[in-house]
Every structure is written in structure tokens, then in C-alpha cells.
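What the coordinates show
Okay, here's what each chain looks like letter by letter:
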Amino acid sequence: MIQSYKKNPKLAEHYDTIIIGSGMGSLTTAAILAKEGQKVLVLERHYTAGGFTHIFKRKGYEWDVGIHYIGEVQRPKSIVKKLFDYITEEQLKWADIGEVYDKIIIGNKEYDFVKGTQNFKEKLYQYFPEEKDAINQHLDLVFAAVKASGKFYMEKALPSLLRKVIGAKMRKPFHEFSDKTTYEVLSSLTKNQELIKVLTGQYGDYGLPPKESSFIMHASVVRHYLSGGNFPIGGSSQIAETTDKVIEKSGGTILISAEVNEILIKANKAYGVQMKDGKTFTAKNIISGAGIMATYEKLLPESLAKKHSLFNQLSKVKRSVSHACLYIGLEGSPEELQLPKTNYWIYPSDLDHDACVERYLNDLETEFPVVYISFPSAKDPDWNRRYPGKSTIDIITLVPYEKFAKWEGSRWMKRGEEYNELKEKISNRLLDVLYKHIPQAKGKVQHYELSTPLTTQHFVNYDKGEIYGLDHSPNRFRQRFLQPRTPIKNLYLTGQDIVTAGVAAALFSGVLTASVVTKKNMLKKVLKQS
Ligand SMILES: Cc1cc2nc3c(=O)[nH]c(=O)nc-3n(C[C@H](O)[C@H](O)[C@H](O)COP(=O)(O)OP(=O)(O)OC[C@H]3O[C@@H](n4cnc5c(N)ncnc54)[C@H](O)[C@@H]3O)c2cc1C
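Now for a description of the structure that goes with this document. Nothing here was measured: the structure is a model prediction, and the numbers come from that model. (Residues numbered from 1 in each chain as written. Predicted model: local features only at pLDDT ≥ 70, side-chain atom pairs only at ≥ 80, totals over all residues. Heavy atoms only, no water.)

In this structure, Lys-519 sits in the loop between α18 (503-518) and α19 (522-529). For Lys-519, a relative accessible area of 74% translates into the label exposed. For the pair Lys-519 and Glu-90, spaced 429 residues apart in the sequence, the C-alpha separation amounts to 25 Å. (Helix = DSSP H or I, 4+ residues; strand = E, 2+ residues; numbered from the N terminus. Buried < 20%, exposed > 50% of the residue type's maximum accessible area, 1.4 Å probe, protein only.)

Taken as a whole and judged by the stated rule, the model has 30 salt bridges. Salt bridges linked by common partners bring Glu-62, Asp-380, Asp-382, Arg-385 and Arg-386 together as one network. (Salt bridge = Lys/Arg side-chain N within 4 Å of Asp/Glu carboxyl O.)

Time to look at the site of the ligand. What surrounds the ligand is a group of 37 residues, the closest being Glu-44, Phe-52, His-68, Tyr-462 and Gln-496. At a separation of 2.7 Å, an oxygen atom of the ligand approaches a polar backbone atom of Gly-25. Between an oxygen atom of the ligand and a side-chain N or O atom of Glu-44, the distance comes to 2.6 Å. Listing elements by their share of the shell around the ligand, those giving two or more residues are α1 (24-35), α17 (453-460) and α18. Residues that form the shell around the ligand fall into these classes: 22 nonpolar, twelve polar and three charged. (Near = heavy atom within 4 Å. Polar contact = N/O pair within 3.5 Å; in protein donor to acceptor, adjacent residues only side chain to side chain. Nonpolar A, V, L, I, M, F, W, Y, C, P; charged D, E, K, R; others polar.)

On to a positive patch on the surface. A cluster of basic side chains, namely Lys-269, Lys-284, Lys-489 and Lys-519, defines a positive patch on the protein surface. Structurally, Lys-269 can be placed in strand β12 (residues 269-275). Relative accessible area serves as the criterion here: at 40%, Lys-269 is assigned to the partly exposed category. (Patch = residues over 30% accessible without salt bridge, like charges linked within 9 Å, V, L, I, M, F, W, Y side chains within 5 Å. Areas by Shrake-Rupley, 256 points an atom, 1.4 Å probe, with all protein chains shown as cover. Lys, Arg positive; Asp, Glu negative; His and termini not counted. Charge placed at Lys NZ, Arg CZ, Asp CG, Glu CD.)

Here we come to the pairing of strand β7 (residues 100-106). For a regular strand, the rule is simple: side chains alternate between the two faces of the sheet. Counting buried residues in β7 gives seven out of seven residues, a clear majority hidden from the surface. Pairing of β7 with strand β8 (residues 109-114), which is carried by six bridges, proceeds in the antiparallel orientation. Bridged to Lys-103 within β8 is Asp-112. Here β7 folds back onto β8 in antiparallel fashion, the turn holding two residues, of which Gly-107 has a positive phi close to 60 degrees. Strand direction decides the pairing type here: β7 and strand β15 (residues 343-347), joined by five bridges, are parallel. Bridge pairing links Ile-104 to Trp-345 in β15. (Pairing = 2+ DSSP bridges.)

Inspection of the entire model under this criterion finds 28 aromatic pairs. Look at Phe-52 and Tyr-462: their rings are 5.6 Å apart centre to centre, the planes differ by 15 degrees, and that puts the pair in the stacked class. Pair noted here: Phe-52 is in the loop between β3 (40-43) and β4 (55-58) and Tyr-462 is in the loop between α17 and β19 (491-493), with a separation of 410 residues, a long-range link. An aromatic cluster is built from Tyr-69, Tyr-101, Phe-113, Phe-120 and Tyr-225, whose rings are joined through pairwise contacts. When the ring centre of Tyr-125 is taken as origin, the NZ or CZ atom of Lys-132, which lies over that ring, is 5.1 Å away. Across from the ring centre of Phe-477, 5.6 Å away, lies the NZ or CZ of Arg-476, which sits over that ring. (Phe/Tyr/Trp six-rings, centres within 6.5 Å; stacked < 30°, edge-to-face > 60°. Lys NZ or Arg CZ within 6 Å of the ring centre and 35° of its normal.)

Below, the structure is given as C-alpha cells:
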């Protein structure tokens, strides 16, 4: 049954714009269009709003799913901060997670990533005194790559004719960075494999190890967090809560448990959606933030997708890896348990990142190639007011979808003994890693629950449980169809697939899509108003 995100929504049959999915890209597009006076309907199939920014509650705890830290929002002049302020009318507040945002742990060695470019460099000089030049050159390239990104992404929002005329020139500097793998670039700066392993210690933020990922993705993540990490005060649910108020002001609304079955199209023009329960809504514009795979494979009539060679487009990109996350509830406040705010990235010491992934994919009993531990309750200054005497920890690792494929089609929470046993085994392995690094957590765990790729499929509709939408390989950034426009009139895309994974990138995707729909440079408008 379709439910509203609030108590008494005023529902209409027709809207200016309908947006499928309520992830960061969708909410941003919705809020910007609402501020342009549009009545927007956001349709979310999950029982809660936010896409990967949603939270869930169980046994008296609350966990954030797809936000552990966001960069740049503490700098008043940053575009990310200005965009968040714009779409939430400054209602969303952020807490700094401290001097050390990431701790890279390789075997028994620890490397802290400290905030501030100069501090970051100096800390690395201490670890690698012989490698000052490589450390400096690496950051120079990171900044140069990010500088080249602005025009590349803005080009996607230009009118089609202008794209044809000046597009290639705007994209060219970006491709000089995006065509190379992260490893290609780093190995041209240093032969020190430990340094390369440390510098790429955040690869889990986009899911592809250095020999496979595009350098542009590495650079954008490194740059994004250089001024530190931040967490939404009150938890990630505040993102949907605060944007919803803005959407509502223009008569729009967010509906939850509202699954779109099909996008309605006549004479190659999108004009509405049909819901799973048969109800239809119409609108001038239809925007999908459900991911390009789900949109083209599930929401369009097959004949139309074939006519426009959309499956051919999809065959040019790959789905990202899938993950498991252990959501843990503990007795004791974050202060009592002395939980850090810093994220821990834990890696095996014997092989490089790519070889660790390969070894693990060949034999899942071998050491996890990456274990990421995050302490959300310690990061949120509002946590103790809402959940006194309790704490939470999330632990993430890679798991291939294929390992769980045989339970596809089974019901959530009712997948059977064998599935539960596999989950228990992975949970215990992850708890062992936790106790090694946070021994005080032992004896304090009151609840734990493992999500698998099937959980991601069930709740967020990514078919193979992919964690970050599409893979961030060099090839991905060459695909010009990853943009707001589609070959179908009045049908647009938004979300991580048209920019990159990450909340800030999805936020930016919303600006691009809103710019295309309104035919206005919305980034310019936002920056001018702030
Ligand atoms: C475990 C994890 C940790 C992460 N940590 C961070 C982090 O610390 N920092 C960071 O910046 N990024 C992080 N990310 C990435 C970030 O959360 C995502 O890149 C971003 O939120 C994606 O936003 P999106 O707009 O593409 O929409 P998504 O969040 O992908 O949402 C798409 C929505 O569409 C809905 N939908 C799908 N099909 C339909 C349909 N037929 N009808 C209606 N609705 C539909 C889905 O239910 C979903 O709610 C993390 C992601 C994961 C999974």
C-alpha cells in the first residue's frame, strides 16, 4: 500500500515533475525544481525515504546505511556546502568527525589521514620520509584532475547543439586523467608499493582496486575528504527530512512504499508512471533516480528500450561490486565504550589491493581484502539524546553477489537455514576483526545483523546488490549516455550513475538534471544566491 512520508499529503493526479526513487540525486532534483515553483511527486518503493541515505531501526537502535562521512561541508565556500544549504534551506547541520578522518591499517602498521592538505602531506612525510616528491606530485595530480572535472560534468547539462560544438574541448582535459587507472598514475610517481597501498587506502569508497579503477575516481575521493569528514547531525535521515520540507512548499510530496512499475510513454514522449498497484500519475517531466540499469531494464517497455539501443548502452558499463554490512548495536554510550570517530580501513599486509581482491574472489575463506569499520553513533552529537546508553558500529566488506545468487527470489528474513548459517559465519569473521582493533567492544554487543547483496537488492532495487551503481573504470567515464537526457522525450536520469558514487556526486547529479529540465544553469543560480 502506498504511504505518504507525512500525515496528510495533498495528492494530485498530475504533477509538473515525477521523480522515481528518493536517493540523494532525486531529492536534490526535487528540491531545486520545487524552489523553481514546480509541484514535484517523489515516488519511493522502500518503506522509508532517502535511498542509500536512509536509516533503519531495530531492537531500539538506529543504523545509517550509505553515509559514513561526507567531505567539504565544513568549508563555507565549498560548492557541496552551498548546495546542501540550498536544497535544505540551511536546515541540515553537520558535525566534524575530527582531525583523523581515515585510519589505514595494513597488517600491524597504521597510517592516519589527517585533515588539511598541508597536515595530510606532513603526516605522510613522517611515514615515508624518502617519498616527499611522490607525495607532493600525487596531490598535485589529484588537484589537477578535480579541476578538470568541473567542465566535464557541466558539459552534460549543456543544450545538445552546444555539446556538439564545444563538448569535446570541455571533456578532453578530464579524459587525460580518467583514461588512466589509479595504479598507472601512482606507479609512475613511485616504486614504493607500501606508499601506493596507503594512498589508495580509500578505494573501498568506490569499490574498485587501483589497477582497475580510473584515476579520476581516486582523485575525487582523495580531494573530497582532504579537509576532513563530517556526519549529518541527527543521522542521515535528516537529509530526506529537511529536503522534504522544501519539496512540500511548492505543493509536492514524497510517497513511500510507492513502487513504479512502468514509465508511460506515447509517441516517444514520457507522460506518466504506472505504480505497482495499478494507479497512474502523470507529469510533464519524468525523472528516474533509480539507477540506469533498473530504469532501462525494468521500467521501460522492452520494445522501446530495444528501439533506442538502450541494452546496447548498458552492455558498455559494468555493475559495481556488492557488499555485506554488519550492523552492530552495543550497550554503553560511544564515550563509555571509547569509540573513535575515525573510520578504520583494514587490509592484509602480504599483497597489493588488487591481488588481495583476486585471492579472496578465488577463495572466499581467505582473508577479507578490505574491512571497513565505522562508528556512526560516535560521529553524531545528537546520538546520546536519542539513544542514551547505546552505541552502533557498522562493518563493511566485499562479498560477491554470486555467493548469494541461489537465494534470489526468496523472501527477506525467510531465506532459510543455510543462508542464515552463511551470514553467521561472515558475521563472526567480521566480529573477530572488530575485537582485534576495538577490544573494549567484546561483551558489549547486544544485537548484530548482516546485510547481504540480496538485502541491497530487496531494499534499494540494485539487481545484483551493487553497492555503488556502476563500476568506476576508465571506460565508464567515456560513456556519453551517462547524462541527464535519454533518447525519450521528457524522460531524464539523475543519481550516482550519471556522475559517480558518493553522496556529494549524487547531489551534483541533481543539479545537472534540474539544469537540463529547467534549461537554466542551476549551479550558477545556487552559487549566486549563497
Ligand atoms: C554501504 C554504503 C556506504 C556508503 N558510504 C558513503 C559515505 O560514507 N559517503 C558518501 O559520500 N557516499 C557513501 N555511499 C554512496 C552513496 O550513499 C550513494 O552513492 C548515493 O547515496 C546514491 O544516491 P542516488 O541518488 O544514486 O540514489 P540511491 O541512493 O541509489 O537511491 C535510489 C532509490 O531508487 C529507489 N527505486 C528503485 N527502483 C524504484 C522503483 N521502481 N520505484 C520507486 N523507487 C525505486 C530505490 O529504492 C532507492 O531508494 C555509500 C553507499 C553504500 C551502499
